[in-house]
Structure formats: C-alpha cells, structure tokens
Amino acid sequence: MGKGGSLSDGVVKKILLSYAYVAIWIFLSFTVIVYNKYILDKKMYNWPFPISLTMIHMSFCATLAFLLIKVFKVVEPVSMSREVYLSSVVPIGALYALSLWLSNSAYIYLSVSFIQMLKALMPVAVYSIGILFKKEGFKTDTMVNMLSISFGVAIAAYGEARFDTWGVILQLGAVAFEATRLVMIQILLTSKGITLNPITSLYYVAPCCFVFLLVPWIFVELPVLRETSSFHFDFVIFGTNSLCAFALNLAVFLLVGKTSALTMNVAGVVKDWLLIAFSWSVIKDTVTPINLFGYGLAFLGVAYYNHSKLQALKAKEAQKKTAQADEEAGRLLEEREGEGNVKKTESQG
C-alpha cells in the first residue's frame, strides 16, 4: 500500500484504540459501581460499612501506586515540597475522603439507577462552587442551563419509587464535596503548575484519605465490627473489588491521556444509561417513566453544557494559535528588518 493507505490504517488504528479505551473505562467504572452496591447493600452481600470499604480501597491503591512509582518506576513522581503537600494535597485528600465515604454510604439506601440520576447534578455543583471561589464567571445562559439540569433531577426524584431522604442527602453531600475537590484542584494545584495524573494522585492523596477516614471509622464502624463476630474478611471479594477500583484509575489515566477529558464525559453519559438499564433489568430496581423523563431533561442539559465547554475550549485554542502566529510573524519581520539594516550598513561601509 502507498503512503495514503498507511495513513488511513494509522487513523483506523487510532480510532479503534480510542474506542477500546472508552470500552475499558466504561466496563471498569460500571463494575466498580455495581460491585460496591453488591458489597454494601443489605439485601445482597450485606456488609454495610462504607468507611471500611473506602479505607480498604485507599490502602490497596496507595500500595500499588507506591510500587508503580518507586519500585517499578512506571510513572514519574511529581516534585513537591512538604509545605505544598500540607497546604494543597491534604485539603484535597480530606474532600476526597468525605466524597467517597458519602457516595459509598448512599448505595445502602438508594438504587444504582437513582444514584446515577442524582450524579447529573455534578456540573451544577462545580459551576456554583466555581462562582463562589471566583474561578467561574456568572453567565445568565449557563445558570439557566444549570437550573434546567436541576429541574430534570428534581422530576426524576419525584418519580423515584424507592425515595429515601437520608440516602439523597448523602449523595448530594458526596456531589458537593467532589465538586469542591475539583475546584480546589484548580486553585491549590493547577495554579501552582502541579499536575497529578490518576497514579501520582493516588500516591499522594490516598494515604491522606486513609488517615482522615480513620477518625470516623474508630467511632462509627469499629464498635459495630467488633460486635459482628461472625464476619470473616473475604480476600477474594475485597481483593478483586479493590483491584477493580485501582484498574479504574489506570483506565482514567489511559482514557484522558490518549483521548480527551471531553471523551470521558461523553463515555460517562453512555455508562450512566447502561447502569440505569442494568439496574432495571438485572438488579430489578424500579425505574418509572417520570424517572426517565426527568433524567432525560437533565441529560440534555448536561450534553449542552459539555458542548458549550467544548466550543469555549476550541475558541481559546484558536485565539492562542492566532496569538502565536502573530508573534511568529512579528519575529520574522524584526529579523528581516535586522538583516536589511546590516546590508545597508555594509553597503555604506
């Protein structure tokens, strides 16, 4: 085949690889959510200890991240002073611990499908907290879009057959803490030029999470676990569950690194619809028409938000390229003028 053919093969290969990364991420994200639900739900595995489960995940992920960075040197560590670690990473670790604790707790009270519907509020929370911390500017059209997403989620909640107020409070709290964490990453890390991929993030953040979760665990879950003498730690269940959680972080690393954050957002929407279908067909959760109508409205709002973000990003990139082109043209003009002046001086000499 000629050069054109090989280029075509390369493009096809790249597209197929992108789809493979998306499929792996969807599968692992899907597996972790359903697996966590299985372990925590009182009608399934019946081990309702979300703090303990999160601590198992954090210790497992921190250990593997340490091995990948320090022993096998697969990923380069990020240079970070103790002051930066304490002032930037530790607060993010605290927010992550709270987000994971509350989101895992919600699985005890709510269906998988309804949790995914409530998670559609994430852009609303990120935008609102961004305005609060002056990282986002207030725009009327964006706020109207945020209200449409919230309205859609409210309709989905109204149509929920197994509505549990405490479960909803836990999930909304998880969304709020996760949104705050994402904004804090921009303020505390990105602004300082520190970029953490999912592996280095686990290396620095997971130990913090473990320590922060240790305090509530001692008072909330440890006394109950001591009384549960019949429980024996199942290494197969918790080992494979933790491995899936770590593999999901690796998949995020691959997906964002090889495609884009927008691809991950689109893949996330596909995953949410698959989880709702799975929750209804396999777990036999009740999904009502009002549920679907409300989530459909929220979904359209999220899709429009992602589209707007993409357009803004494209405009920013185009502006950056124009500025670079202008700078390059100015530099060339200066060089030509310099050369002309040198020739003029030589001719006069």
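These numbers were taken from a predicted model, which means no experiment stands behind them.

Undergrad: Break down the domain arrangement of the protein chain for me, with residues and values.
TA: Each assigned domain of the protein chain is listed here: domain 1 (13-47 + 235-285) and domain 2 (49-234 + 286-342). Domain 1 and domain 2 are separated by 16 Å when their C-alpha centres are compared. Each side of the interface is counted separately: domain 1 has 36 residues, and domain 2 has 37 residues. When domain 1 packs against domain 2, the two sides together hide about 3,500 Å² of surface, and 72% of this comes from carbon and sulfur. For the domain 1 face of the interface with domain 2, the top three residues by lost area are Leu40, Trp47 and Phe246, together amounting to 22%.

Undergrad: Outline the confidence of the model for the protein chain, supporting the account with residue identities and numerical values.
TA: The share of residues in the protein chain with pLDDT of 70 or more is 92%, and the mean pLDDT across the chain is 87. The least confident element of the protein chain, judged by mean pLDDT, is helix α12 (residues 289-348) at 80; the most confident is helix α2 (residues 50-71) at 95. Low confidence marks residues 1-6, where pLDDT is under 50. Its contacts with residues over four positions away, or in another chain, come to one contact.

Undergrad: Just give me the short version of the layout of surface pockets, but keep the residues and values in it.
TA: If a probe the size of a water molecule is rolled over the atoms, the empty space left behind becomes visible. Counted as a void, the second largest pocket has a volume near 180 Å³. Going through the elements one at a time, α2, α8 (198-220) and α9 (222-227) are the ones with two or more residues in the lining of the second largest pocket. Looking at which element gives the most residues to the lining of the second largest pocket, the answer is α2, with three residues. Each residue belonging to the lining of the second largest pocket can be placed in one class, and the counts come to nine nonpolar, one polar and no charged.

Undergrad: Let's hear about unusual backbone geometry: which residues, and what values?
TA: Despite not being glycine, Asn46 has its phi angle at roughly 60°, a positive value. Assignment of secondary structure puts Asn46 in the loop between α1 (3-40) and α2. Residues other than glycine seldom take positive phi values, yet Lys284 does so here, at roughly 65°. Among the residues examined, Lys284 registers a relative accessible area of 62% and is labelled exposed.

Undergrad: Any details on the state of the cysteines? Residues and values, ideally.
TA: Following the criterion strictly, the structure yields zero disulfides and no others. Summary of cysteine pairing: Cys209 is not part of a disulfide, and the nearest cysteine sulfur, belonging to Cys208, is at 6.9 Å. For Cys209, a relative accessible area of 0% gives the class buried.

Undergrad: Can you break down the packing of aromatic side chains residue by residue, with the values?
TA: For the structure on display, the rule yields 14 aromatic pairs. On the basis of an interplanar angle of 80° and a centroid distance of 4.9 Å, the ring pair of Tyr203 and Tyr204 is categorised as edge-to-face. Each member of the pair, Tyr203 as well as Tyr204, is classed as buried. Site record: aromatic cluster; members linked through ring pairs are Tyr35, Tyr38, Tyr45, Trp47, Phe49, Phe233, Phe235 and Phe238.

Undergrad: Got a sec to walk through the pattern of salt bridges? Specific residues and values, please.
TA: Where charged atoms of side chains with opposite charge meet at close range, the side chains can pair. Tallied over the entire structure, the rule returns five salt bridges. Linking Lys37 and Asp41 is a salt bridge whose minimum nitrogen-to-oxygen distance equals 2.7 Å. When sorted by exposure, Lys37 lands in the same class as Asp41, which is buried. One salt bridge connects Arg181 with Glu178, and the closest N-O pair in it is separated by 2.7 Å. Pair noted here: Arg181 and Glu178 are both in helix α7 (residues 165-189), with a separation of three residues, about one helical turn. A relative accessible area of 15% means that Glu178 is categorised as buried.

Undergrad: With reference to specific residues and values, describe the side chain of Ser103.
TA: Within the element layout of this structure, Ser103 appears in helix α3 (residues 82-109). We classify Ser103 as buried; its relative accessible area is 15%. Once residues within four sequence positions are removed from consideration, Ser103 is found in contact with Gln171 and Ala174.

Undergrad: Mind laying out the nonpolar core, listing which residues take part and the relevant values?
TA: If you look at the biggest cluster of nonpolar residues, it comprises 54 residues, and the most contacted ones within it are Trp25, Ile39, Trp47, Phe114, Met117 and Phe238. Per element, the largest residue contribution to this core is 12 residues, and it comes from α1. No fewer than three residues from each of domain 1 (13-47 + 235-285) and domain 2 (49-234 + 286-342) sit in this core. The contacts of Trp25, once residues within four sequence positions are left out, are Leu248, Ala251, Val252, Leu255, Met264, Ala267, Gly268 and Lys271. Among the nonpolar cores identified, the runner-up in size contains 32 residues, and Ile92, Leu188, Ile199 and Ala206 belong to it.

Undergrad: Give me a nonpolar patch on the surface: which residues, what numbers.
TA: A surface patch of nonpolar side chains, amounting to about 480 Å² of accessible area, comprises Phe66, Leu67, Val71, Phe72 and Val74. Its location among the elements puts Phe72 in the loop between α2 and α3.

Criteria and cut-off values
- Residues numbered from 1 in each chain as written.
- Predicted model: local features only at pLDDT ≥ 70, side-chain atom pairs only at ≥ 80, totals over all residues.
- Heavy atoms only, no water.
- Domains from an automatic or database assignment.
- Contact = heavy atoms within 4.5 Å.
- Buried area = accessible area lost by both parts, 1.4 Å probe.
- pLDDT = per-residue confidence, 0-100.
- Helix = DSSP H or I, 4+ residues; strand = E, 2+ residues; numbered from the N terminus.
- 1 Å grid on protein atoms, 1.4 Å probe; cavity = no way out; pocket = protein on both sides within 12 Å on 5 of 7 lines; lining within 4 Å.
- Points joined across faces, edges and corners; volume = space filled by probe spheres on them.
- Nonpolar A, V, L, I, M, F, W, Y, C, P; charged D, E, K, R; others polar.
- Buried < 20%, exposed > 50% of the residue type's maximum accessible area, 1.4 Å probe, protein only.
- Disulfide = S-S within 2.5 Å.
- Phe/Tyr/Trp six-rings, centres within 6.5 Å; stacked < 30°, edge-to-face > 60°.
- Salt bridge = Lys/Arg side-chain N within 4 Å of Asp/Glu carboxyl O.
- Core = buried A, V, L, I, M, F, W, Y, C linked by side-chain atoms within 4.5 Å.
- Patch = residues over 30% accessible without salt bridge, like charges linked within 9 Å, V, L, I, M, F, W, Y side chains within 5 Å.
- Areas by Shrake-Rupley, 256 points an atom, 1.4 Å probe, with all protein chains shown as cover.

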